[in-house]
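# Residue-level structure breakdown
Chain by chain, the residues:
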There are 2 protein chains.
Amino acid sequence: MQHVKRINRELCFEGSILDFYQDTIELPDGKCEKWDFVCHRKGAAAVLPVLEDGKVLLVRQYRNALERETLEIPAGSRDSVTEDTKVCAARELEEETGYKANQLTPLLSLKTTVAFCNEFIDVYLARDLKKGVQHLDEGEFIDLEAYELEELTAMIAEGKIQDSKTVASILAYQNLVLKELIHKMA
Amino acid sequence: MQHVKRINRELCFEGSILDFYQDTIELPDGKCEKWDFVCHRKGAAAVLPVLEDGKVLLVRQYRNALERETLEIPAGSRDSVTEDTKVCAARELEEETGYKANQLTPLLSLKTTVAFCNEFIDVYLARDLKKGVQHLDEGEFIDLEAYELEELTAMIAEGKIQDSKTVASILAYQNLVLKELIHKMA
């Protein structure tokens with residue numbers, strides 16, 4: 001496929017977890033343009049925790065970037081660029097909810113916003129949960145809320161849950177549940 | 001809920017479509033931290049186009065931020081901060097694929113990455129499509145590919161489709177289809 005060519009990358013600002021670059025892009029007709037590139041240094045992991053009664057456990061927190069609260073699956077950045085995302089997912093689950101998962105299986109691999117950023121989030125499905133103690137990072141203030149799957153898909157349809165990793169993960173899990181149901185009915 | 005308080009926001013770099021800020025955040029214990037904030041100036045819209053034969057139409061393009069090709073639903077930024085996302089979705093569909101939709105209904109409202117960015121994408125389901133002429137923006141080089149829904153969900157499970165707006169939209173559409181099937185079987 002014919003495509004654009006990057007001929008320069010300039011670091012414009014080093015943030016706390018991100019670096020902001022401007023790329024010089026040469027189009028196939030020879031013209032040049034400046035494109036933004038946001039480097040997420042470490043990548044992230046997230047986890048969809050399903051409780052024994054079938055409810056899904058979510059975290060409610062205030063998000064500075066949106067200036068409001070959101071309802072999300074537990075998630076966080078990796079400690080280092082070499083950390084296994086499964087280890088990161090297990091850690092974030094325990095830190096944010098206090099639960100440990102005996103069963104942690106890959107659900108989705110996501111790139112959050114491909115037009116300008118390399119951030120990835122590996123999402124795991126957590127089942128067979130054991131209750132422990134929540135121990136949040138400094139600056140984290142989180143409420144735990146558990147919902148039926150049907151309630152969550154209704155909230156997505158109403159726009160009450162919009163976070164892309166959370167929407168994709170809930171729908172992926174519902175998909176598994178519906179397919180099992182169809183298999184049983186057939 | 002107890003939460004963090006922003007006491008300053010400083011513009012660090014004005015990009016082409018983004019602005020990069022550093023926020024000074026006061027934690028409830030009085031300590032301060034610097035947090036990154038990426039402002040996506042215009043917001044975006046996307047569209048999941050379903051062809052008459054039931055296949056879903058996707059665009060394959062090279063993504064500079066990932067340094068590889070991706071398979072995505074058609075999408076693009078709004079022309080202005082006041083543009084209706086439905087108008088934007090119809091425009092992007094026609095520009096990128098050549099198709100016009102007689103039926104365009106809301107499917108999802110997404111925030112792509114809430115930890116540091118305010119970008120939103122409103123996604124519409126496009127049906128009853130009429131073929132026209134593709135007319136790409138400068139710097140856009142796009143191949144069109146149509147897939148069965150089952151092929152797409154398999155590609156998501158295998159990690160071959162990872163773009164979050166695309167994953168969420170395909171799964172949302174498949175859930176509608178599965179629910180209809182269950183309704184018919186019951």
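Residues numbered from 1 in each chain as written. Chains lettered and ligands numbered in written order. Predicted model: local features only at pLDDT ≥ 70, side-chain atom pairs only at ≥ 80, totals over all residues.

### Observations concerning the domain arrangement of chain A
As a reminder, the rule being used: Here the bounds of each domain stem from an automatic or database domain assignment.
With domains assigned, chain A is organised as domain 1 (5-40) and domain 2 (44-111 + 120-185). When each unit is reduced to the centre of its C-alpha atoms, the spacing between domain 1 of chain A and domain 2 of chain A is 32 Å.

### So, the interface of chain A and chain B
Selection rule: Two residues qualify as being in contact provided that their C-beta atoms, derived from the backbone, are within 7 Å of each other. Working definition: helices are DSSP H or I runs of at least four residues, strands are E runs of at least two. Numbering for both runs from the N terminus. Under the scheme applied here, ten amino acids are nonpolar (Ala, Val, Leu, Ile, Met, Phe, Trp, Tyr, Cys and Pro), four are charged (Asp, Glu, Lys and Arg), and all others, including Gly, are polar.
At the interface, 62 residues of chain A touch 62 residues of chain B. Secondary-structure elements contributing two or more residues to the side of chain A that touches chain B are β1 (5-14), β2 (18-26), β3 (32-40), β5 (56-63), β6 (68-72), β8 (99-111), α2 (149-157) and α3 (164-185) of chain A. Ranked by residue count, the leading element in the side of chain A that touches chain B is α3(A), at 12 residues. By residue class, the composition of the side of chain A that touches chain B is 31 nonpolar, 18 polar and 13 charged.

### Looking at the relation of the copies chain A and chain B
Formally: To line up the copies, we fit them by least squares on C-alpha atoms, keeping just the residues with pLDDT of at least 70 in both.
Between chain A and chain B, which share one sequence, the superposing operator has a rotation angle of 180 degrees and an axial displacement of 0.0 Å; the RMSD is 0.0 Å. The transformation just described matches what one would write down for a two-fold rotation axis. Among all residues of chain A, the one whose C-alpha sits closest to the rotation axis is Ala168(A), at a distance of 2.1 Å. Residue by residue, 100% of the interface of chain A is reproduced at the interface of chain B, so both copies engage with the same surface.

### Some details on helix α1 (residues 85-97) of chain A
All names here are of chain A. Here is the rule we go by: Helix span is expected to be 1.5 Å times the residue number reduced by one.
In this model, α1 (13 residues) spans 18 Å end to end at C-alpha, consistent with the 18 Å of a helix rising 1.5 Å per residue. The secondary structure elements touched by the buried residues of α1 are β4 (44-49), β5, β7 (75-77), β8, β9 (120-131) and β10 (143-147). A positive phi of about 85 degrees marks Gly98, the residue just after α1.

### Comments concerning the packing of α3(A) against helix α3 (residues 164-185) of chain B
The cut-off we apply is this: Convention adopted: a line fitted to C-alpha atoms gives each axis, helices being fitted over their contacting stretch, and angles between N-to-C directions are expressed from 0 to 180 degrees. Angular relationships are summarised with four words: roughly parallel below 35 degrees, roughly antiparallel beyond 145, roughly perpendicular across 65 to 115, and oblique for the angles in between. The crossing is said to be left-handed when, going from far helix to near helix, the turn is anticlockwise and less than a right angle, and right-handed when the turn is clockwise.
Interhelical geometry of α3(A) versus α3(B) gives an angle of 30 degrees and a closest axis separation of 9 Å. In terms of orientation, α3(A) lies roughly parallel with respect to α3(B). When the axes of α3(A) and α3(B) are compared, the crossing they make is left-handed. Contact residues: α3(A) offers Ser164(A), Lys165(A), Val167(A), Ala168(A), Leu171(A), Ala172(A), Gln174(A), Asn175(A), Leu178(A), Leu181(A), Ile182(A) and Met185(A), while α3(B) offers Ser164(B), Lys165(B), Val167(B), Ala168(B), Leu171(B), Ala172(B), Gln174(B), Asn175(B), Leu178(B), Leu181(B), Ile182(B) and Met185(B). Residue composition of the contact of α3(A) with α3(B), grouped by class: 16 nonpolar, six polar and two charged.

### A few points about the sheet that holds β5(A)
Picture the strands of a sheet paired through backbone hydrogen bonds; they go either parallel or antiparallel. Residues and elements named next belong to chain A. The condition is simple: A pair of strands is treated as paired once DSSP finds two or more bridges between them.
The three strands are arranged β6-β5-β10 in an open sheet whose pairing can be described as antiparallel. The sheet is open, and its two borders are formed by β6 and β10, each paired with just one other strand. Pairs of neighbouring strands in the sheet enclose a mean axial angle of 30 degrees, with direction left out of account. Bridging between β5 and β10 involves five bridges; their strand directions are antiparallel. Across the sheet, the residue bridging to Leu57 is Ala146, located in β10.

### Let's talk about the sheet that holds β8(A)
All names here are of chain A. Read from one edge to the other, the open sheet built from four strands follows the order β7-β4-β9-β8, with strand pairing classed as mixed. The open sheet has two edge strands, β7 and β8, and neither has a second partner. Strand-to-strand twist in this sheet, taken as the mean axis angle between neighbours without regard to direction, amounts to 25 degrees. Here β8 runs beside β9; their pairing, made up of 11 bridges, is antiparallel. Across the sheet, Pro106 pairs through a bridge with Tyr124, a residue of β9. Lying on the sheet, α1 is in contact with β4, β7, β8 and β9; it crosses β4 at an angle near 60 degrees.

### Thoughts on the pairing of strand β4 (residues 44-49) of chain B
Residues and elements named next belong to chain B. Where we set the bar: Around each residue's C-beta, the other C-beta atoms within 10 Å are counted; 20 or more make the residue buried, 12 or fewer make it exposed, and counts in between make it partly exposed. All C-beta atoms are placed from the backbone.
Most of β4 sits inside the fold, with six of its six residues counted as buried. Burial along β4 is two-sided: the residues Ala44, Ala46 and Leu48 and Ala45, Val47 and Pro49 are all buried. Taken together, the three bridges between β4 and strand β7 (residues 75-77) define a ladder with antiparallel strand orientation. Bridge pairing in β7 places Ala45 opposite Gly76. As paired elements, β4 and strand β9 (residues 120-131) share six bridges and run parallel to each other. Counted as the bridge partner of Pro49 is Ala126 from β9.

### So, the environment of Leu93(B)
Residue and element names in this part refer to chain B. Along the chain, Leu93 turns up in helix α1 (residues 85-97). Along the backbone, Leu93 and Ala46 are 47 residues apart, and their C-alpha atoms lie at a distance of 7.9 Å. The residues contacting Leu93, other than those within four sequence positions of it, are Val47, Pro49, Pro74, Tyr99, Ala101 and Ala126.

### Quick word on the environment of Leu66(A)
Checked against the element boundaries, Leu66(A) lands in the loop between β5 and β6. Among the residues examined, Leu66(A) registers 16 C-beta atoms within 10 Å and is labelled partly exposed. The contacts of Leu66(A), once residues within four sequence positions are left out, are Lys111(B), Val114(B) and Asn118(B).

### What to know about the environment of Glu140(B)
Residues and elements named next belong to chain B. Its place among the elements puts Glu140 in the loop between β9 and β10 (143-147). Of the residues examined, Glu140 has 16 C-beta atoms within 10 Å and is grouped as partly exposed. In the structure, Glu140 is positioned 25 residues away from Lys165 in sequence and 19 Å away in space, judged by C-alpha atoms.

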